[in-house]
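# Results of the structural survey
Residue strings, one per chain:
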Amino acid sequence: MDNTGCELSAKKNQYLKFVYLEGGAVKTTTISRHFDVAPSTVTRALGDLEKAGYITGVRYRGFCLTPFGEDYARFLVRRHRILALMFTRSGLCKEDACRQADLVESKVSRSVVDTICASLGHPTMSTCGRIEPDPIHCCPVAGVGERFL
Ligand SMILES: [Zn+2]
Ligand SMILES: [Zn+2]
């Protein structure tokens, strides 16, 4: 599936990232409590995400990511961490950088993330955690640098 990384609303972006970082199946009530949002609102958003193929319902245990959703969420986390790093390098404190990244990330496309990643020297660590390299689209792999010269 082709995508720019801006397919999801800011909220759905956060929910998907949350499910990914929790690992395994996550209950609607866990998400609603974490984000302080009404369960009915979360249920509706998760229903949309399920219909679009990002997550799938697990009986009694909530929702877990589909392989596509997992791949997508990996990008969401990478994007968040790269943006947070960009903000900390610009002088923001760790907390503000994380908050600003949360606010803007859903509008930042994959190609922009890759451009920022390259400009930061393909970092592997951010104040928000480890940045998974994306060797297919962006980050050079040790030993096969020729490709990127
Ligand atoms: Zn963060
Ligand atoms: Zn990179």
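Residues numbered from 1 in each chain as written. Chains lettered and ligands numbered in written order. Predicted model: local features only at pLDDT ≥ 70, side-chain atom pairs only at ≥ 80, totals over all residues.

What follows is about the packing of helix α2 (residues 28–35) against helix α3 (residues 39–51). It is the contact of α2 with α3, at a shortest axis distance of 9 Å, that shows an interaxial angle of 120°. Overall, the two elements α2 and α3 adopt an arrangement that is oblique. Our pair here, α2 against α3, has a crossing hand that is right-handed. In contact with T28, T29, I31 and S32 of α2, α3 contributes P39, V42, T43 and L46. Across the contact of α2 with α3, the residue classes break down as four nonpolar, four polar and no charged. (Axes fitted to C-alpha atoms, helices over the stretch in contact; angles between N-to-C directions. Helix = DSSP H or I, 4+ residues; strand = E, 2+ residues; numbered from the N terminus. Parallel < 35°, antiparallel > 145°, perpendicular 65-115°, else oblique. Left-handed = near helix turned anticlockwise from the far one by under 90°. Contact = placed C-beta atoms within 7 Å. Nonpolar A, V, L, I, M, F, W, Y, C, P; charged D, E, K, R; others polar.)

With domains assigned, the protein is organised as domain 1 (10–65) and domain 2 (71–130). Averaged C-alpha coordinates put domain 1 and domain 2 at centres separated by 22 Å. With 10 residues of domain 1 at the contact, the number on the domain 2 side is nine residues. For the side of domain 1 that touches domain 2, the element with the highest residue contribution is helix α1 (residues 10–22), accounting for eight residues. The residue makeup of the side of domain 1 that touches domain 2, split by class, is seven nonpolar, two polar and one charged. (Domains from an automatic or database assignment.)

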